[in-house]
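# Residue-level structural notes
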Amino acid sequence: MSRTGYTLPVFAVASAKAALLHLQEKLELPCEVALDLLGDTAYISIQQVARLDDTSALAITKSAPGDNLDLTRNTPIWAWVKLTARQSQALILEAGEGLGKTATQEPAIYSYARRLFDANLLPLIPPDKTVTVSIILPEGRELAQRTSNEAFGILEGLALLGTSGISQPLSAADHLEEFQQILQAKVKNCPNLVFCIGSNGMQVAQKLGIKEEAIAPTGNWIGALLVEAGLRGAESVLLLGYQGKLIKLAGGIFNTSSHLADAKLEIISAAVVRICGNIEAAQAVLNAKTADAAYKTLVELGLAESAFKALATTISEKAQAYVQKYANVALQVGTVLCDRKGNIIVRDAIADEIL
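A brief structural summary. No experiment lies behind these values; they were computed from the predicted model shown.

Reading guide: rules and limits
Residues numbered from 1 in each chain as written. Predicted model: local features only at pLDDT ≥ 70, side-chain atom pairs only at ≥ 80, totals over all residues. Heavy atoms only, no water. Helix = DSSP H or I, 4+ residues; strand = E, 2+ residues; numbered from the N terminus. Buried < 20%, exposed > 50% of the residue type's maximum accessible area, 1.4 Å probe, protein only. Contact = heavy atoms within 4.5 Å. Areas by Shrake-Rupley, 256 points an atom, 1.4 Å probe, with all protein chains shown as cover. Lys, Arg positive; Asp, Glu negative; His and termini not counted. Charge placed at Lys NZ, Arg CZ, Asp CG, Glu CD. Pairing = 2+ DSSP bridges. Axes fitted to C-alpha atoms, helices over the stretch in contact; angles between N-to-C directions. Salt bridge = Lys/Arg side-chain N within 4 Å of Asp/Glu carboxyl O. Phe/Tyr/Trp six-rings, centres within 6.5 Å; stacked < 30°, edge-to-face > 60°. 1 Å grid on protein atoms, 1.4 Å probe; cavity = no way out; pocket = protein on both sides within 12 Å on 5 of 7 lines; lining within 4 Å. Points joined across faces, edges and corners; volume = space filled by probe spheres on them. Parallel < 35°, antiparallel > 145°, perpendicular 65-115°, else oblique. Left-handed = near helix turned anticlockwise from the far one by under 90°. Nonpolar A, V, L, I, M, F, W, Y, C, P; charged D, E, K, R; others polar.

In this section: the overall build of the chain. Each helix and strand counted, the chain has 12 helices and 14 strands in total. Overall, the chain is about 70 × 50 × 30 Å in size when its C-alpha atoms are taken along their principal axes. When the 355 residues of the chain are sorted by exposure, 51% land in the buried category. Pairs at least 24 residues apart make up 68% of the contacts formed inside the chain by residues separated by at least 6 positions. Split by element, the accessible area of the chain, about 16,600 Å² in all, is 49% carbon and sulfur. Charged side chains of the chain number 31 positive and 36 negative; the gap between the two group centres comes to 0 Å.

What follows is the structure, given as structure tokens:
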């Protein structure tokens, strides 16, 4: 069985909590700190903890994401914590070396991570004190070069982001078996399934009034689960989600993990050439840093609607052919593409029919 782990914000908060506790009552190593994950409890091992002076301490953990293909595995996460007289805020979060910053120089610490810090540190802060936490990722700047962070405005390091503290090993083979079992149960009562790709897929499904019992999880295993749907007697599947993931299907890539294949910009540029033969526009797409940036470029050129309509149609056609090839059955597939914010970009004719 694959092992779950924890996301990067969990280890950052664990380091900060250990340093703060060490200032209040000396911790003896080896030790663990208990964290409230806003519903669950985690026990995180502390690698090192030291008092620097009477008002500051440093603690270190190491990232353990479970059986995920995660480039942060075993990376050290330091938290430097300092107590001062109460200021306007009880808790101040700062970006140390290796933790990214936004374009406005704010620490790249997002909503879930901030809520974790609040839940675990605020109860420990005396009424007359302010705690300043600086998160340091010694390997963060180097690791960030292997991500698309900079394209999304995260500079100089990694970000503390995510919507959960649990790191699910969606890339592990035995997780596919779990998804297959869920699909088998759902298709018995709902022959018209919806595959929501990414968190924004769920957002769009809710906007469209799609019932939860129709939604089957896929992770990156879209091809295998399309075949499973066909073999189990599904009548249709609606593919709904972030265009940067689903566009891979238009190029015949049916496992959407970026660790396996990534040709988003090439696929979009090929669509541009196919619909209008505009080589300059195709080159502009190839020069974009992300699929979202490519879409915005095509919006400015007046080509987005036609290009992405063609892509959505191609995705559905390729998906239907994939199921026919590997399951030898006909399955109706429609596609809805949306941006990172959950705004619908386009939906093809089959999606309209299914909806």
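Another aspect to go through is the sheet that holds strand β12 (residues 236-242). Strands sit in the order β11-β10-β12-β13-β14 across an open sheet of 5 strands; the sheet is mixed. Looking at which strands have only one partner, the edges of the open sheet turn out to be β11 (215-216) and β14 (344-347). Seen against the sheet, helix α11 (residues 304-327) touches β12, β13 (332-338) and β14 and runs at an angle of roughly 145 degrees to β13.

Moving on, we get to the side chain of aspartate 339. Among the structural elements, aspartate 339 can be located in the loop between β13 and β14. Of the side chains bearing the opposite charge, lysine 341 lies closest to the buried aspartate 339, which forms no salt bridge; the N-O distance is 6.8 Å.

We now examine the packing of aromatic side chains. One pass over the full model with this rule turns up 4 aromatic pairs. Seen from their ring centres, tyrosine 295 and phenylalanine 308 are 5.1 Å apart, and the 90 degrees between their planes marks the pair as edge-to-face. Of this pair, tyrosine 295 sits in helix α10 (residues 291-301) while phenylalanine 308 sits in helix α11, placing them 13 residues apart in sequence. On the accessibility criterion, phenylalanine 308 (0% relative accessible area) is buried. Linked through ring pairs, Phe254, Tyr322 and Tyr326 together constitute an aromatic cluster.

Glancing now at the pairing of strand β6 (residues 76-85). Pairing of strand β5 (residues 56-62) with β6 involves 7 bridges; the strand directions are antiparallel. Bridge assignment links leucine 58 to a residue of β6, and that residue is tryptophan 80. For β6 and strand β8 (residues 129-136), the ladder comprises 8 bridges, and the chain directions are antiparallel. Bridge assignment links valine 81 to a residue of β8, and that residue is valine 133.

Let's shift gears to unusual backbone geometry. Leave glycine aside and you will find that most residues have negative phi; peptide bonds, for their part, are mostly trans. Of note, the amide linkage connecting leucine 29 to proline 30 takes the cis form, showing an omega dihedral of -5 degrees. Following the sequence through the fold, proline 30 ends up in the loop between α1 (8-24) and β2 (31-36). Positioned with a positive phi, asparagine 328 is a non-glycine residue whose angle comes to about 60 degrees. Mapped onto the secondary structure, asparagine 328 falls in the loop between α11 and β13.

Our focus in this paragraph is the layout of surface pockets. In this approach, a probe sized like a water molecule rolls over the atoms, and the result shows the empty space that is left. Estimates place the volume of the second largest pocket at around 160 Å³. Lining of the second largest pocket is provided by Cys190, Asn192, Leu193, Val194, Leu208, Gly209, Ile210, Lys211, Ala214, Leu238, Ile354 and Leu355. At 3 residues, the largest contribution of residues to the lining of the second largest pocket is made by strand β10 (residues 192-197).

Now for the packing of helix α7 (residues 243-250) against α11. Think of two packed helices as two axes; the pair is described by the angle between the axes and how far apart they sit. Packing of α7 against α11 brings their axes to within 7 Å, and their N-to-C directions diverge by 60 degrees. Looking at the two axes, α7 sits oblique to α11. You can see that α7 and α11 cross each other, and the crossing is left-handed. Facing Gln243, Leu246, Ile247, Leu249 and Ala250 of α7, the residues of α11 in contact are Phe308, Leu311, Thr314, Ile315 and Lys318. For the contact of α7 with α11, a count of residues per class yields 7 nonpolar, 2 polar and 1 charged.

Right, let's get into the pattern of salt bridges. In total, this model carries 6 salt bridges according to the counting rule given. The salt bridge partner of lysine 101 is glutamate 156, with a shortest N-O separation of 3.4 Å. Of this pair, lysine 101 sits in the loop between β7 (91-95) and α2 (111-121) while glutamate 156 is found in the loop between α3 (140-144) and β9 (166-167), placing the two residues 55 residues apart along the sequence. Residue lysine 101 is classed as buried on the basis of its relative accessible area, which comes to 18%. A relative accessible area of 34% means that glutamate 156 is categorised as partly exposed. A salt bridge links aspartate 352 to arginine 347, with the shortest nitrogen-to-oxygen separation between them at 2.5 Å. Taking relative accessible area as the criterion, aspartate 352 reaches 37% and is therefore assigned partly exposed. Residue class for arginine 347 comes out partly exposed when judged on its relative accessible area of 29%.

These figures come from the coordinates and say nothing about function on their own.
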